[in-house]
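# Examining the three-dimensional arrangement
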Amino acid sequence: ALIAFNSYVLLLVFPLRMTSFLVAQLARASASATRVHEILATETEVSDRPDAIPLPGGAGEIRFEGVTFGYLPDVPVLRDLDLVIRPGESIAIVGPTSSGKSTVARLVPRFYDVEAGRVLIDGVDVRDVELASLRDAVSMVFEETFLFSDSLRANIAFADEDAPEHAIERAARLAGCQDFVAALPDGYDTLLGEHGYSLSGGQRQRVAIARAIVANPRILILDDATSSVDAQTEAEIKRGLQEALSDRTTFIVAHRLSTISLADEVVVMDEGRIVDRGSHKDLLVRCPLYREIADHGLADTTFLQSDLEEREEVAKL
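Overview of the structure. Computed from a predicted model, the values in this text were never measured in an experiment.

So, how was this worked out
Numbering of residues starts from 1 in every chain and runs along the sequence as written. Only residues with pLDDT of 70 or above have their local features reported here, since the model is predicted, and side-chain atom pairs are shown and tallied only from 80 upward, although totals for entire chains, interfaces and linings are computed over all residues. To get the side-chain values, all heavy atoms of the structure are used, and hydrogens and water are removed first. The rule is short: rings of Phe, Tyr and Trp, with Trp giving its six-membered ring, pair when the centres are within 6.5 Å, and they are stacked under 30 degrees, edge-to-face over 60, tilted in between. Secondary structure elements follow DSSP: runs of H or I no shorter than four residues count as helices, runs of E no shorter than two count as strands, and numbering proceeds from the N terminus. Type-normalised accessible area, obtained with a 1.4 Å probe on protein chains alone, sets the label of each residue: buried when under 20%, exposed when over 50%, and partly exposed for intermediate values. One fewer than the residue count of a helix, multiplied by 1.5 Å, yields its expected span. To define a nonpolar core, start from buried Ala, Val, Leu, Ile, Met, Phe, Trp, Tyr and Cys residues and group those joined through side-chain atoms within 4.5 Å. Contact definition: two residues touch when any of their heavy atoms are within 4.5 Å. Residues are called lining when one of their atoms sits within 4 Å of a cavity or pocket point, these points coming from a 1 Å grid over the protein atoms alone, where a cavity is a set in which a 1.4 Å probe fits but cannot get out and a pocket is an open set with protein on both sides within 12 Å along at least five of seven lines. Grid points are joined across faces, edges and corners, and a volume is the space filled by probe spheres set on the points. Basically, the charged four are Asp, Glu, Lys and Arg, the nonpolar ten are Ala, Val, Leu, Ile, Met, Phe, Trp, Tyr, Cys and Pro, and anything else, Gly included, counts as polar.

## So, the packing of aromatic side chains
Overall, the coordinates contain six aromatic pairs when judged by the stated rule. Ring geometry for Phe69 against Tyr112: centres 5.4 Å apart, planes inclined by 45°, an arrangement best described as tilted. On the criterion of sequence distance, the pair formed by Phe69 in strand 1 (residues 62-69) and Tyr112 in the loop between helix 2 (101-107) and strand 4 (116-121) is long-range, its members being 43 residues apart. Owing to a relative accessible area of 33%, Tyr112 belongs among the partly exposed residues under this scheme. With 5.2 Å between their ring centres and 85° between their planes, Tyr71 and Tyr112 make a pair best called edge-to-face.

## Observations concerning helix 7 (residues 201-215)
Taking 1.5 Å per residue as the helical rise, helix 7 with its 15 residues ought to reach 21 Å, and the 22 Å between its terminal C-alpha atoms agrees with that figure. With respect to burial, helix 7 is a largely interior element, 13 of its 15 residues being buried. With its phi angle positive at about 50°, Asn216 sits one or two positions after the end of helix 7.

## Topic: the nonpolar core
Side chains of a nonpolar character, in soluble globular proteins, are inclined to be buried together. By size, the foremost hydrophobic cluster in this structure holds 45 residues, and its most contacted members are Leu152, Ile156, Phe180, Val268 and Tyr290. Broken down by element, this core gets its largest block of residues, seven residues, from helix 7. Not counting the four nearest positions on each side in its chain, Ile156 is found in contact with Ile168, Ala172, Tyr188, Val207, Ala210, Arg211 and Val214. Ranked by size, the runner-up nonpolar core spans 31 residues in total, among them Ile62, Leu107, Leu134 and Met269.

## A few points about the layout of surface pockets
Rolled over the atoms, a probe with the dimensions of a water molecule shows which regions are left empty. Of the voids in this model, the largest pocket is the one considered here, and its volume is about 570 Å³. Forming the walls of the largest pocket are 19 residues, and the residues nearest its centre are Val138, Ser139, Met140, Phe158 and Arg211. Counting residues per element, the ones that place at least two in the lining of the largest pocket are helix 3 (131-136), strand 6 (138-141) and helix 7. Residue composition of the lining of the largest pocket, by class: 13 nonpolar, two polar and four charged.

Following this line, the structure appears as structure tokens:
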């Protein structure tokens, strides 16, 4: 009887320990579930209006009319901004830190609603358009890229799961992915780790650019999309992007001057306002702020030699 009793006690030890462990886990899970529920139950600040319409067809004209916006009350980031981007035009936005460059780009797909004024795409206020329809027409490539734990092919085709093989390979070629794809063990079928951390930062950015090209958007926004690549790779990506951008309206948020060579025109911003607008050469002559930005940008090894020569000519003048 004593031996049986001791055996039963030993048999009970593990279940009792597991019971105490589960009770502790239950308390933690309950607290976590409460936090998750708070997020899921929160109403989005930006949502479809009851009478929202699909985005009508158009060539991709973007118009900012008297736009004022701030992330905090009474702290405006943009002030009475007026800007028109013609269909098919590429615009580079440059300026000091906190000048509002990225904010302008984020208002186009309506990540935020303006406090005053309007943002229009092909003559329609973005607040009157269904969000799904609006964001189908706009693709963004950020400096930080999120990739899924899936094949490279699936990550590139994320915006269009039915994209044909030739479209995926063309997008990868234009984004400069072909070299590192050829080195992967299974090519386009290689499984990427969570967040794509099995790739370098520059490779993740190139995959994000390829993803945006596959989406075939009416408007493309590049927010410092080549910041993690070297000079040679950036030059290859530029050649591909020049083909991809030929028939669509493009915003290029430039934090280094080498990126602006993709743009037809440069917009200089400071303290939420447009200071000047024009070609790189004209702005070097007449815009002191742009000259100051250029002076810092000349240290960038990716700055084009032609731009260096142009800068020297302007300095002689």
